[in-house]
Amino acid sequence: MPKLTLKDLEKIREKARRSTILREGAGKAKITVHMGTCGIAAGARNIMRALVEEVERGGVEDVILTNSGCAGLCSHEPMMTVQIVGGPPVKYVDLTEEKAKEIFKSHVMGREIVKEYALAIGSEQTSTK
Amino acid sequence: MEDLSLHILDVVENSIDAGARKVEIKIYEDLKKDLLEIEIIDDGKGMDEGTLEKALDPFFTTKTVRKVGLGLSLFREAARMANGDLSIRSEAGRGTTIRATFQHSHIDRKPMGDLEETLFTLIIGNPEVVFSFAYLKNGKMFNMNTTGLKKKLPGNYFSSSEGIKVLRNELNKLDGF
């Protein structure tokens, strides 16, 4: 069995730390894809798939992907809300898979809000959460 | 909605809105009987008689953010178009069961669509809910339950790259089923 190096130990520590963050439900970011009837009919499931692909591709362990109901802005679906720990929730509207991936890279990974696709900054009311 | 897997996603999201923590999805396909049946059973807050009566009315909703509620009525329409129907059993405090039937060979029956993607979205997006899924097709059975799968995860989350891998491995078994 090969010897563990300091670097290996650091990697293990980092991995454990990230999974602890997740267990506590406090990832560095939360992405909520609106999954009401309107969202689903407009393609919200594909948005979710695009985000899952980004998480997989980047080996990301500390972003929480979740769903919510309709927020009442059905004509702007598909929509998602992105919240970085310590930052305000930002609602993105009229999404495509490409836009969702761009937002993931810029806002979730780089903390840079994509103003072009954002509708509003601030909390929201949805029918569920 | 283009296909049945999207209707399933929609109806299960209703279950979760209703506070369900356990959702069972059952699909039964029988070519000899020319039948396709989809059943969704949840342990959410259920509906009282008054709500149940109105549940299929597209102009009724329990939501406050808008005035229409199309999910269930669209699903019933899809079933009726294919010579089938949709029924709801529900009891306040006990949960709800939705059952839709279709004539399998009917020209207007919507295709099943991407079930794998529907399950993926539901399981990743709702880590607090236990999902079980059973698919019986011409005598063959596919079965899965998220309780067992969760034990394989470092945290209880499917939305990490490791969690996604575990889930993908499991759902890949649906390919070509």
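Up top is the structure these notes are about.
Residues numbered from 1 in each chain as written. Chains lettered and ligands numbered in written order. Predicted model: local features only at pLDDT ≥ 70, side-chain atom pairs only at ≥ 80, totals over all residues. Heavy atoms only, no water.

1. Structural notes on the pattern of salt bridges
Any two side chains of opposite charge can pair, so long as their charged atoms come close to each other. Across all of its chains, the model carries 10 salt bridges over all chains by this definition. Taking the shortest distance from any N to any O, the salt bridge between Glu56 of chain A and Arg168 of chain B comes out at 2.8 Å. Here Glu56 of chain A, found in helix H3 (residues 44–58), pairs with Arg168 of chain B, found in helix H6 (residues 161–171), and the two come from separate chains. Residue class for Glu56 of chain A comes out partly exposed when judged on its relative accessible area of 29%. Ionic pairing is found between Glu170 of chain B and Lys173 of chain B, a salt bridge with its closest N-O pair at 3.1 Å. The exposure class assigned to Lys173 of chain B is exposed, which follows from its relative accessible area of 51%. (Salt bridge = Lys/Arg side-chain N within 4 Å of Asp/Glu carboxyl O. Helix = DSSP H or I, 4+ residues; strand = E, 2+ residues; numbered from the N terminus. Buried < 20%, exposed > 50% of the residue type's maximum accessible area, 1.4 Å probe, protein only.)

2. Quick word on the packing of aromatic side chains
How two aromatic rings sit relative to each other is given by the distance of their centres and the angle of their planes. Residues and elements named next belong to chain B. The full count for this structure, using the stated rule, is 3 aromatic pairs over all chains. Taking the centre distance of 6.3 Å and the plane angle of 45 degrees together, the rings of Phe75 and Phe102 count as tilted. Of this pair, Phe75 sits in helix H3 (residues 71–81) while Phe102 sits in strand S4 (residues 95–103), and the two are 27 residues apart along the sequence. What makes Phe75 buried here is its relative accessible area of 0%. A relative accessible area of 2% places Phe102 in the buried class. (Phe/Tyr/Trp six-rings, centres within 6.5 Å; stacked < 30°, edge-to-face > 60°.)

3. Quick word on the side chain of Ser160 of chain B
By the element assignment, Ser160 of chain B lies in the loop between helix H5 (146–150) and H6. Residue classification places Ser160 of chain B among the buried positions, given a relative accessible area of 2%. Reaching out from Ser160 of chain B, the side chain makes a polar contact with the side chain of Glu61 of chain A at a distance of 3.3 Å. (Polar contact = N/O pair within 3.5 Å; in protein donor to acceptor, adjacent residues only side chain to side chain.)

4. A few points about the sheet that holds strand S1 (residues 29–34) of chain A
All names here are of chain A. The 5 strands are arranged S2-S1-S3-S4-S5 in an open sheet whose pairing can be described as mixed. Either end of the sheet is taken by a strand with one partner, and the two such strands are strand S2 (63–68) and strand S5 (118–121). Going from strand to strand, the sheet's axes swing by 20 degrees on average, the running direction of each strand aside. Of the strands in this sheet, S1, S2 and strand S3 (80–84) touch H3, which is tilted by about 155 degrees from S1. (Pairing = 2+ DSSP bridges. Axes fitted to C-alpha atoms, helices over the stretch in contact; angles between N-to-C directions. Contact = heavy atoms within 4.5 Å.)

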